[in-house]
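Working through the structure, step by step
The chain contents come next:
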Amino acid sequence: MKRRIMSCLMTAAMVAGVLATSVSAEDYALTDVTFDNVQLKLYASLSNASQKYYEEKLQEFNDMDNGITVELTNINTEADYLDKLSTDFASGDTPNVFMEYGGARCLDYIEADALLNLQPYLEADEEWYGNFMESCWEPAHFEDYGYEGLYCVPYTNYQVVLFYNKDILAENNLEVPTTWDELLSACETLKANGVQPFIVGEKDNYRFGHLHTILSLKTYGEEIGKQLGSREVTYDGAEMQTIYSMIQELVDKGYLGDNLLSTDATQEASYFAEGKAAFQYNGSWGASSIQNSGSELYTNQTIGVARFPAVTEEYAKVDMGGGNDSYFVSQLGKSEEEIAASVVLLKYITSADFCAGLMEVNPNTMAIKTGVESENYLLNEISAIMADTEVTRSDLQNYDSQAHMINTVRTALQGIAMGNTPEEVGAEIVDTMAQYE
């Protein structure tokens, strides 16, 4: 599969050439430019609230009479979105601007010269460049793979945290867990008292993917992703067997709920907001999901948030997070005018004003400095947790040289919900890796 995608990408790249390099230095700022009826496609994976805002703002953009018309394609189910993106890249019919997460999953695109290096455009517009948080640029860097430059701009900033129901904990005489052992003990007490600890929507396979990453970081520290990527640590070795076993224990004891593979992340969020579970591990974006649910638990501030519990005390403040949603520009088969117009669109949707308005309808921790103080109390508490975090790392597979790894690992982790053993999970990952060598 990888070879087929790469072959298609390389063919399209030869058509595209190196169009971006023909833009003169003084043109990189793209100030007050107009175009001759350029049609652009923007792909994103947005919540319903964000989609409505985007549609309204993009209509305003289309009405600016600058010669650019944008069509938005939004797929809010992550797996379906990524499938469409990879399929369209393989066919050469790529969007002009698209959301992705960086790391090895975008490496094929860079190797095929499919992505625009945005660094000269950023350096030519210091105001735009300076509006991004310095700590969020990791998804844009591919120097470890031999590619200098900045190949995307970060959009959101996140951290995986533990949301909890204050009333449920109080009714069961429980404190907010700060360690993994405390969390397991709390789950045992809740289950014995007829209360569901978690309800996890593993139909969206990133749920176990995130759990695998955060547990690995909390157990082994911030280098575990690179160690897996370099094969210093293997996916069927003792270290990962330990993590799979931790997830298996949660599943076997019913702490994560029933019907894991028929419940999706949206349903999971609804169940938690309705008070049907004591805990939810989620990214900081969960704060806006809880607010937008209309839950009385949010109105009454019954929901609290804490740092994800420590496994190894040394790594208590090593967390899953950093730059998350990022925007890339494709140059496959695109004219110079399309590429320039794409950057103009990119500047529009990553401007402080655009993002400040977005935060009003969908509060989130952004990678763009908006100057907005959220009225969402959970988001403010998460910001305080993030400010005290020592190190963040994203999905472990983003540090791997094989672009398929995030899907491979997430698919194998779903097997735990089907009763697969840790040994079977590790073997499935390693066997799949061998097919790509």
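Going by the structure above, here's the rest.
Everything quoted here is computed from the prediction, not taken from an experiment. Going along each chain's sequence as written, the residues are numbered from 1 onward. Predicted model: local features are reported for residues with pLDDT of at least 70 only, side-chain atom pairs are reported and counted for 80 or more only, and whole-chain, interface and lining totals are derived from all residues. Excluded from the side-chain calculation are hydrogens and water; included are all heavy atoms of the structure.

1. Quick look at the layout of surface pockets
The space that makes up the largest pocket amounts to roughly 1200 Å³. What lines the largest pocket is a set of 43 residues, and nearest its centre among them are Leu46, Ser47, Asn76, Tyr206 and Trp285. Think of it this way: any DSSP run of H or I at least four residues long counts as a helix, any run of E at least two long counts as a strand, and we number them from the N terminus. Sorting the residues of the lining of the largest pocket by element identifies α2 (48-62), α9 (206-220), α12 (265-273), β6 (279-283) and α13 (286-292) as the ones contributing at least two each. For the lining of the largest pocket, the element with the most residues is α12, which contributes six residues. Taken together, the residues of the lining of the largest pocket sort by class into 14 nonpolar, 19 polar and ten charged. A cavity, in this analysis, means grid points on a 1 Å lattice covering only the protein atoms where a 1.4 Å probe fits yet has no way out; a pocket is instead an open set bounded by protein on both sides within 12 Å along at least five of seven lines, and a residue lines either one if it has an atom within 4 Å of a point. Grid points are joined across faces, edges and corners, and a volume is the space filled by probe spheres set on the points. Following the grouping adopted for this structure description, the nonpolar residues are Ala, Val, Leu, Ile, Met, Phe, Trp, Tyr, Cys and Pro, the charged ones are Asp, Glu, Lys and Arg, and the polar ones are all others, Gly among them.

2. Structural notes on empty space enclosed by the protein
Inspection of the entire model under this criterion finds two cavities of 30 Å³ or more. Of the voids in this model, the largest cavity is the one considered here, and its volume is about 40 Å³. Lining the largest cavity, in full, are Trp180, Leu183, Phe198, Leu211, Leu250, Tyr281 and Phe308. When grouped by side-chain class, the residues that make up the lining of the largest cavity number seven nonpolar, no polar and no charged. Considering only enclosed or pocket space, the second largest cavity measures out at about 40 Å³ in volume. Class assignment of the residues belonging to the lining of the second largest cavity gives a composition of two nonpolar, four polar and one charged.

3. Examining the pattern of salt bridges
Put simply, a salt bridge is a Lys or Arg side-chain nitrogen that is within 4 Å of an Asp or Glu carboxyl oxygen. Within the structure shown, the criterion is met by 14 salt bridges. One salt bridge connects Lys317 with Asp388, and the closest N-O pair in it is separated by 2.7 Å. Taken together, the positions of Lys317 in the loop between β7 (303-307) and β8 (318-323) and Asp388 in the loop between α17 (377-387) and β10 (391-393) put the pair 71 residues apart, joining distant regions of the chain. Per-residue accessibility, obtained with a 1.4 Å probe over protein chains only, is compared with the maximum for each type, and a residue is labelled buried under 20%, exposed over 50%, and partly exposed between these values. Relative accessible area serves as the criterion here: at 39%, Asp388 is assigned to the partly exposed category. Because the salt bridges share partners, they merge into one network encompassing Lys218, Arg307, Lys317, Asp319 and Asp388.

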